[in-house]
Amino acid sequence: MNFRMIAYSIGRILTVIAATMLFPLFISLYYKEGIAVSYLIPIIISIALGAGVSLKSPKHKELFIREGMVIVALSWIAISLVGALPFYISKAIPSFIDCFFETVSGFTTTGSTILTDVESMSRSLLFWRSFTHWLGGMGVLVFTMAIFSAKDTRTTYMMRAEMPGPVVGKIASKWQFSLRILYMIYIALTVIEIIFLSFGGMPLFDSVVHAFGTAGTGGFGIKNDSIGFYNSAYIDYVIAIFMMLFGLNFNVYYLLLIRKFAQIKGNDEAKWYLGIMVGASLIIALNIMPVYHTFANSFRYSFFQVSSIMTTTGYSTADFITWPMLSQIILVLLMIVGACAGSTGGGIKVIRIIILLKAALHSIKKAASPRRVFSVKADGKSVENTVVHGVLAYFVIYMIFMGLSILIISLDNKDFATTVTSVIATMNNIGPGLASVGPAGNFSEFSVLSKLVMSVGMLAGRLEFYPILVLFFPSLWKRT
């Protein structure tokens, strides 16, 4: 284990986080909020710790997959601890556990909150809260590596540990160039959404923070009624469409830029993703028509909520726990499915669902015709057995982790829907669940133990389990 290189990498990430805190600091000074010290102290701490271990480059810079996982896991824990300090120092959130929960929820783009009155918070804290979504959406390490130069091998291992999805593929010949292309697309889409929201009458500050939440598929709102506060069909559709766009694999946008339309047309995951979203929107729209009277009105609310839940953003325009049970069940299923690999969304990912379904189908065919050879295909190509086995292993880990988390959180004696969907909502980086943790509720009433378990679940779900779980293996920490 190359401990010196691990410390060096984490140090660089902390200095980047310190730089990002300058934005809410300037906002705090501009609005004369009197909480500038709440940002200055974390900035000084981050720079002191970061510079202390990263000023001098290590002699041995070799990194392998285990170091990559450790860097990713420890970095996300470190930035969550530092990122929680503005909430704690300003006393906007008195409990540090609550601050940590809120910040983990921000960086992992979950959007679950312990706040009962979000409108009482200062503008700078609301900005920082939503900005953590934008930073965490593409990945904090990805952001750091896009800025600093890095050798391809080192970047590859950290990309594998942080980027969502079963396969990480380069879109250009150099990893760093690939990252910069992705971030250019990410920034461009964010700016376009800000323009569209401002054009629809949303104030500029509101447009910026909601675009951050949409881009990162995070869902922290600045109003107690979330997007429903604006009561605008135009704003609903703009945010719903952009949530859908950010839930797509970003490689699709690169293929669009270089005009490789045939590859886009053959992308199974994109087709399934859009098909599921449209199909679910139509079914729910028909199911809730008695509530909203016209199909146009019911589709507006249905499409927004389906896009929000499937992309794991978590914004809301209605309290969907009052909808018919069929609609609620569909939304819970969409929470588990999630968005596309290589997007900013969470969940199991559509490509994994495709592989799992095809693997199950082939096992049935194999039982009927033992001598025939079957292969799982995606995008018209055979999927390697190592990928299929990896998806199966991921699903087993996912189910075990979810089951254990539900058992621990059940100690709080909440109702069944609250207990189960609170785990699903946090582990899949959704935000709201059902019952007490629905769109009109929050996570403030859970015990300290439950909040810690859900915080770990948010980190594990965002990093897809392995980087967090390997920290608990003693053999990992051996130098050899």
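Structure: see above.
Notes on the structure in this doc start here. Just so you know, these numbers come straight off a predicted model, no measurement behind them.

### As for the overall build of the chain
Here's step 1: When you go through the chain residue by residue, the secondary structure sums to 22 helices and two strands.
Here's step 2: Taken against the 2.2 N^0.38 rule, which gives 23 Å for 480 residues, the C-alpha radius of gyration of the chain at 22 Å falls within 12% of a compact globule.
Here's step 3: For the C-alpha atoms alone, the extent of the chain along its principal axes is close to 60 × 55 × 50 Å.
Here's step 4: The proportion of buried residues among the 480 residues of the chain is 58%.
Here's step 5: Of the contacts made within the chain by residues no fewer than 6 positions apart, 71% connect residues no fewer than 24 positions apart.
Here's step 6: When the 36 basic and 22 acidic side-chain charges of the chain are each reduced to a single mean position, those positions are 14 Å apart.

### Observations concerning the nonpolar core
Considering soluble globular proteins, one finds that nonpolar side chains tend to be buried as a cluster.
Here's step 1: The biggest cluster of nonpolar side chains holds 140 residues, and the ones touching the most others in it are Phe250, Tyr273 and Trp323.
Here's step 2: The dominant element in this core, judged by the number of residues it contributes, is helix α4 (residues 65-89), at ten residues.
Here's step 3: Apart from the residues lying within four places of it in its own chain, the contact partners of tyrosine 273 are Met243, Met244, Gly247, Leu248, Met310, Thr311, Ala339, Cys340 and Val350.

### Considerations on the side chain of serine 316
Here's step 1: When you line up the elements, serine 316 lands in the loop between α16 (295-310) and α17 (325-337).
Here's step 2: Since its relative accessible area comes to 7%, serine 316 is described here as buried.
Here's step 3: Leave out the neighbours within four places in its chain, and serine 316 touches Asp225, Ser226, Ile227, Gly228, Phe304, Gln305 and Pro439.

### A closer look at a nonpolar patch on the surface
Here's step 1: A cluster of nonpolar side chains, namely Val37, Ile41, Ile45 and Leu49, defines an oily patch on the protein surface of about 310 Å² accessible area.
Here's step 2: Looking at the element boundaries, leucine 49 is found in helix α3 (residues 37-54).
Here's step 3: Residue class for leucine 49 comes out partly exposed when judged on its relative accessible area of 49%.

### As for the packing of helix α20 (residues 416-427) against helix α21 (residues 448-462)
Here's step 1: Relative orientation of the contacting elements α20 and α21 amounts to 40°, with a least axis distance of 7 Å. Relative to α21, the element α20 is oriented oblique. Seen from α20, the contacting residues are Ser422, Thr426 and Met427; seen from α21, they are Met454, Gly457, Met458 and Gly461.
Here's step 2: Split into classes, the residues belonging to the contact of α20 with α21 amount to three nonpolar, four polar and no charged.

### Comments concerning unusual backbone geometry
Here's step 1: One non-glycine residue, threonine 217, lies in positive phi territory at about 45°.
Here's step 2: By the element assignment, threonine 217 lies in the loop between α10 (204-215) and α11 (233-246).
Here's step 3: One non-glycine residue, asparagine 231, lies in the positive phi region at around 45°.
Here's step 4: With respect to the helices and strands, the residue asparagine 231 is situated in the loop between α10 and α11.
Here's step 5: Classification of asparagine 231 by relative accessible area gives exposed; the value is 59%.

### A short note on α11
Here's step 1: Over its 14 residues, α11 runs 20 Å from end to end, which matches the ideal 20 Å to within 8%, given 1.5 Å per residue.
Here's step 2: Those residues of α11 that fall on the buried side of the exposure criterion are Ile235, Asp236, Val238, Ile239, Ala240, Phe242, Met243, Met244 and Phe246.

What counts, and where the lines are drawn
- Residues numbered from 1 in each chain as written.
- Predicted model: local features only at pLDDT ≥ 70, side-chain atom pairs only at ≥ 80, totals over all residues.
- Heavy atoms only, no water.
- Helix = DSSP H or I, 4+ residues; strand = E, 2+ residues; numbered from the N terminus.
- Rg over C-alpha atoms; globule rule 2.2 N^0.38 Å.
- Buried < 20%, exposed > 50% of the residue type's maximum accessible area, 1.4 Å probe, protein only.
- Contact = heavy atoms within 4.5 Å.
- Lys, Arg positive; Asp, Glu negative; His and termini not counted.
- Charge placed at Lys NZ, Arg CZ, Asp CG, Glu CD.
- Core = buried A, V, L, I, M, F, W, Y, C linked by side-chain atoms within 4.5 Å.
- Patch = residues over 30% accessible without salt bridge, like charges linked within 9 Å, V, L, I, M, F, W, Y side chains within 5 Å.
- Areas by Shrake-Rupley, 256 points an atom, 1.4 Å probe, with all protein chains shown as cover.
- Salt bridge = Lys/Arg side-chain N within 4 Å of Asp/Glu carboxyl O.
- Axes fitted to C-alpha atoms, helices over the stretch in contact; angles between N-to-C directions.
- Parallel < 35°, antiparallel > 145°, perpendicular 65-115°, else oblique.
- Nonpolar A, V, L, I, M, F, W, Y, C, P; charged D, E, K, R; others polar.
- Expected span 1.5 Å × (residues − 1).

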